[in-house]
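Chain and residue survey
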Amino acid sequence: MSPALLSALLGVTLGVANAVASYALWRAARHRPQATFLKVMLGGMVARMVVVLALLTLVLVVLPVHAGWLVGAFFLAFGIGVVVEVILLRRASAEPLPAEG
């Protein structure tokens, strides 16, 4: 396998893992009160950003990968994941949330 292809696969894998984590957080928070929903989603976003940045840095430092392919593929998968996340959040905003209690 070529280094560029391996790098692209690693980037896509990290991007998809980030999107899956986002979806899992959304599923966990979607029927919670609004304040809890926001805490879970925003706190989860910060945690995901830290983990993904650490993993990208680790891969770039430790593995012999092509940085451009890794980062490009990651941002492609990340961008698609963000679009899906926004669609889910827009759909969820149409549903009534439970009252604070």
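Figured I'd write up the structure that's included with this text. (Residues numbered from 1 in each chain as written. Predicted model: local features only at pLDDT ≥ 70, side-chain atom pairs only at ≥ 80, totals over all residues. Heavy atoms only, no water.)

A few words on a nonpolar patch on the surface. Residues V51, L55, L58, L60, V61, V62 and L63 make up a contiguous nonpolar surface patch of roughly 610 Å² in combined accessible area. As for its position among the elements, L58 is in helix α2 (residues 34–62). (Patch = residues over 30% accessible without salt bridge, like charges linked within 9 Å, V, L, I, M, F, W, Y side chains within 5 Å. Areas by Shrake-Rupley, 256 points an atom, 1.4 Å probe, with all protein chains shown as cover. Salt bridge = Lys/Arg side-chain N within 4 Å of Asp/Glu carboxyl O. Helix = DSSP H or I, 4+ residues; strand = E, 2+ residues; numbered from the N terminus.)

Our focus in this paragraph is the packing of helix α1 (residues 3–29) against helix α3 (residues 67–94). One way to put it is that α1 packs onto α3 with a least axis distance of 7 Å and a crossing angle of 20°. It follows from the interaxial angle that α1 and α3 lie roughly parallel. You can see that α1 and α3 cross each other, and the crossing is right-handed. (Axes fitted to C-alpha atoms, helices over the stretch in contact; angles between N-to-C directions. Parallel < 35°, antiparallel > 145°, perpendicular 65-115°, else oblique. Left-handed = near helix turned anticlockwise from the far one by under 90°.)

Its 29 residues place the ends of α2 41 Å apart at the C-alpha level, agreeing with the 42 Å of an ideal helix rising 1.5 Å per residue. Those residues of α2 that fall on the buried side of the exposure criterion are F37, M41, G44, R48, V52, L56 and V59. Of the surrounding secondary structure, the elements contacted by the buried residues of α2 are α1 and α3. (Expected span 1.5 Å × (residues − 1). Buried < 20%, exposed > 50% of the residue type's maximum accessible area, 1.4 Å probe, protein only. Contact = heavy atoms within 4.5 Å.)

What follows covers α3. Taking 1.5 Å of rise per residue, 28 residues should cover 40 Å, and α3 covers 41 Å from first to last C-alpha, within 8% of that figure. For α3, the set of buried residues is L70, A73, F74, A77, G81, E85, L88 and A92. Looking at the buried side of α3, the elements it contacts are α1 and α2.

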